[in-house]
Amino acid sequence: MPTSKKILSFTEARSVFEKLRKKGKKIVQCHGTFDLIHPGHIVHFEEAKALGDVLVITITGEKYVNKGPGRPYFNDALRVKSLAALQCVDYVVVVPFPAATEAIKQVRPHIYCKGKEYENPEIDVSGNIYDDIKTVEKLGGKVCYVGSVVFSSTRLLNKHFEVHPQKVKDFCKNLAKKYSPNEFRKMVEGFKDIKVLVIGDIIFDYYSTVKVQGLTSKNRIISARLIKQDMQAGGALAVFRHIKQFTPHIKLISLVGREPWVDGVLLKYVSCKEDGVIRHKDFTTIIKQRFVEPINEGKELSKLFSVNIIGERHPGNEIQKSVRDRIGACIKDYDLVMVMDFGHGLYTESIRRLVQEKSGFLALNCQTNSNNHGFNLIDRQYYRADSFSLDEMELTLACGKRDMQLGEELVKLHNKLGARYGWLTRGAIDTIGIKADEPECVCVPFETSIIDTIGAGDAFSSLASLAAVKKLPIDIATFMGQLAGAQAVRIVGNSESINKNKFVKGGMSLLSF
């Protein structure tokens, strides 16, 4: 069959395979990323084809591949072309879903083939293998394990291809000498027992997408047409959502107003057991509305301007007492207290003192933004933290110097707070991590294709803090923070939380050498 006729769209695939079944053909399916075709794949396909009449290869579409930054190395068109060129392959289909179940339902194979390594389902980080087997059997098929020759596409790509910038490759290669992919996975699984209390300002992010039409003729102001609006759960609620992916033992303490829409939104993310949020009629729920242009493929989201709905004054004494009482009643029950101080009203002097005095392990993120610039400085507001993270502007304001040695000032702040861990995140440049009695760790960002940087620092802080409370070495803790940040910059704002399966797969991929 000509190569071009082997390639089917996802929508037309079902009818094609239905006709083949009616003709009595036995259909065999293999599914995967197949980013780099190697001898192990060829043997896998040949052994699969021998089990039936028609071999169908379904591949995960490039937008849905969860193998970390830089993957897949080859796009859909190239992967499809390579597979269709193989004599043993009869059909190739790109699947617009992250898991295999939709592909199985579309093909409805008599036999579904996985590699022999999957005979032990524990090897599947995502746990999707169980869903695959259930779906195949429900449709009347069976699962077979084939492939007498095994190679790793990820390992081959990391060793012999320029999947990542050289500095990323060097960092990960050195890290891989100390930690295997499975050791990394076990570290992440170890987070599930941590009891976490997140305390901080909830911020609802409104993204208003507009099409700029030009300038008005009379007043010369920007005129735009509204396309859509999305509301996202940001601030401390975003951190809560990230950490909830890794441990079920979590609670959120925050402060919102009594606006009629608030409770409905909170219920989407926070269960009654996890809810320590105080509602008060005299507090204004924080909203940050950003006006943005439509996303252009391959480019960072263009933001035009923002409007903040934030109360001018700190909450009154009654509200402050409610917050203190809520924190004081439970803070000692948690292994990790995440202090997310956005400087928007929740944290007052007495509340800051309380969390510093009563926390077991205190992870601090004290942020500077347009609403508090120059007022919410980490070393003015806090005297103690077990771990902390901040950006270059926040460090500059804390030390009061424009011209400074970043590493030296980070160490000074680390010592001043009595911290065990400290991180300085510098966006597209690098992240510096320090820990007492360990060498400084400098790690460049893993992701260079950026959609939106909003929330990336919160994602970094979330995972780095989990690593810190587990007393992990600074290099692997920094790696985890950077990995979370790499996932976050591919997401618009806080529209999604960090995905644990994607995080684990990405980390294991980067450590495969």
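Residue numbers run consecutively from 1 along every chain, following the written order of its sequence. The model is predicted, so local features are restricted to residues of pLDDT at least 70 and side-chain atom pairs to those at 80 or more, both for listing and for counting; the totals for chains, interfaces and linings are taken over all residues. Side-chain calculation: all heavy atoms of the structure are included, whereas hydrogens and water are not.

Visitor: Quick rundown of the packing of aromatic side chains? Include the residues and the values.
Guide: Within 6.5 Å between ring centres, the rings of Phe, Tyr and Trp (the latter by its six-membered ring) count as paired, and their orientation is classed by plane angle as stacked under 30 degrees, edge-to-face over 60, tilted in between. For the structure on display, the rule yields 16 aromatic pairs. Ring centres of Phe 34 and Phe 45 lie 5.2 Å apart, and the angle between their planes is 70 degrees; this geometry places the pair in the edge-to-face category. Within this pair, whereas Phe 34 is found in the loop between strand 2 (27-32) and helix 3 (39-49), its partner Phe 45 is found in helix 3, the two being separated by 11 residues in sequence. Phe 45 carries the same exposure label as Phe 34, and that label is buried. Secondary structure elements follow DSSP: runs of H or I no shorter than four residues count as helices, runs of E no shorter than two count as strands, and numbering proceeds from the N terminus. Categorising residues by exposure relies on relative accessible area from a 1.4 Å probe, with only protein chains included: less than 20% of the type maximum marks a residue as buried, more than 50% marks it as exposed, and the intermediate range marks it as partly exposed.

Visitor: Tell me about the nonpolar core, and name the residues and values.
Guide: One finds Phe 184, Phe 191, Val 198, Phe 446, Phe 479, Met 480 and Phe 503 to be the most contacted residues of the largest nonpolar core, which totals 110 residues. Setting aside residues no more than four positions away along its own chain, Phe 479 makes contact with Phe 171, Cys 172, Leu 175, Phe 184, Phe 446, Gly 507, Leu 510 and Leu 511. To form a nonpolar core, buried Ala, Val, Leu, Ile, Met, Phe, Trp, Tyr and Cys residues must be joined to one another through side-chain atoms within 4.5 Å. Pairs of residues are marked as contacts when any of their non-hydrogen atoms sit within 4.5 Å.

Visitor: So, a positive patch on the surface: which residues are in play, and what are the values?
Guide: Residues enter a patch when their relative accessible area is above 30% and they make no salt bridge; the linking distance is 9 Å between like charges and 5 Å between nonpolar side chains (Val, Leu, Ile, Met, Phe, Trp, Tyr). Method for areas: the Shrake-Rupley scheme with a 1.4 Å probe, in which residue coverage is limited to the protein chains shown. Just to be clear on terms, a salt bridge is a Lys or Arg side-chain nitrogen sitting within 4 Å of an Asp or Glu carboxyl oxygen. Charge assignment in this entry is limited to Lys and Arg as positive and Asp and Glu as negative, and neither His nor the chain termini are counted. Where a charge lies is defined by one atom per residue type: Lys uses NZ, Arg uses CZ, Asp uses CG and Glu uses CD. A grouping of Lys 19, Lys 22, Lys 23 and Lys 25 is seen on the molecular surface, where their side chains present a positively charged patch. Structurally, the position occupied by Lys 22 is in helix 2 (residues 10-22).

Visitor: Give a detailed account of the pattern of salt bridges, specifying residues and quantitative values.
Guide: Under the criterion given, the structure shown has 24 salt bridges. Arg 353 serves as the salt-bridge partner of Glu 349, at 4.0 Å between the closest nitrogen and oxygen. Remark: Arg 353 and Glu 349 occur in helix 13 (residues 349-358); sequence separation between them is 4 residues, near one turn of the helix. Judged by relative accessible area, Glu 349 falls into the exposed class, the value being 64%.

Visitor: Please set out the sheet that holds strand 9 (residues 222-235) residue by residue, giving values where relevant.
Guide: Read across the sheet, 4 strands follow the order 9-8-13-14 without closing on themselves; strand pairing throughout is mixed. The sheet terminates laterally at strand 9 and strand 14 (303-309), the two strands that pair on one side only. Across the sheet, the axes of successive neighbouring strands diverge by a mean angle of 20 degrees, strand direction being ignored. Note that strand 8 (residues 202-215) and strand 9 share 13 bridges and pair antiparallel. Opposite Leu 215, over in strand 9, you have Ile 222 as the bridge partner. Paired strands, as defined in this entry, are two strands with at least two bridges between them according to DSSP. Here an axis means a line fitted to C-alpha atoms, over the contact stretch when the element is a helix, while the angle between two N-to-C directions is reported on a 0 to 180 degree scale.

Visitor: Quick one: what's the story with the packing of helix 12 (residues 317-328) against helix 13, residue by residue and with numbers?
Guide: Interaxial distance between helix 12 and helix 13 falls to 10 Å at its minimum, and their mutual angle equals 5 degrees. Overall, the two elements helix 12 and helix 13 adopt an arrangement that is roughly parallel. Contact residues: helix 12 offers Gln 320, Val 323, Arg 324, Ile 327 and Gly 328, while helix 13 offers Ser 350, Ile 351, Leu 354 and Val 355. Grouping the amino acids of the contact of helix 12 with helix 13 by side-chain chemistry returns 5 nonpolar, 3 polar and 1 charged. Any angle between 65 and 115 degrees counts as roughly perpendicular, while under 35 counts as roughly parallel, over 145 as roughly antiparallel, and the rest as oblique. Residue polarity follows a fixed list, in which Ala, Val, Leu, Ile, Met, Phe, Trp, Tyr, Cys and Pro are nonpolar, Asp, Glu, Lys and Arg are charged, and the others, Gly among them, are polar.

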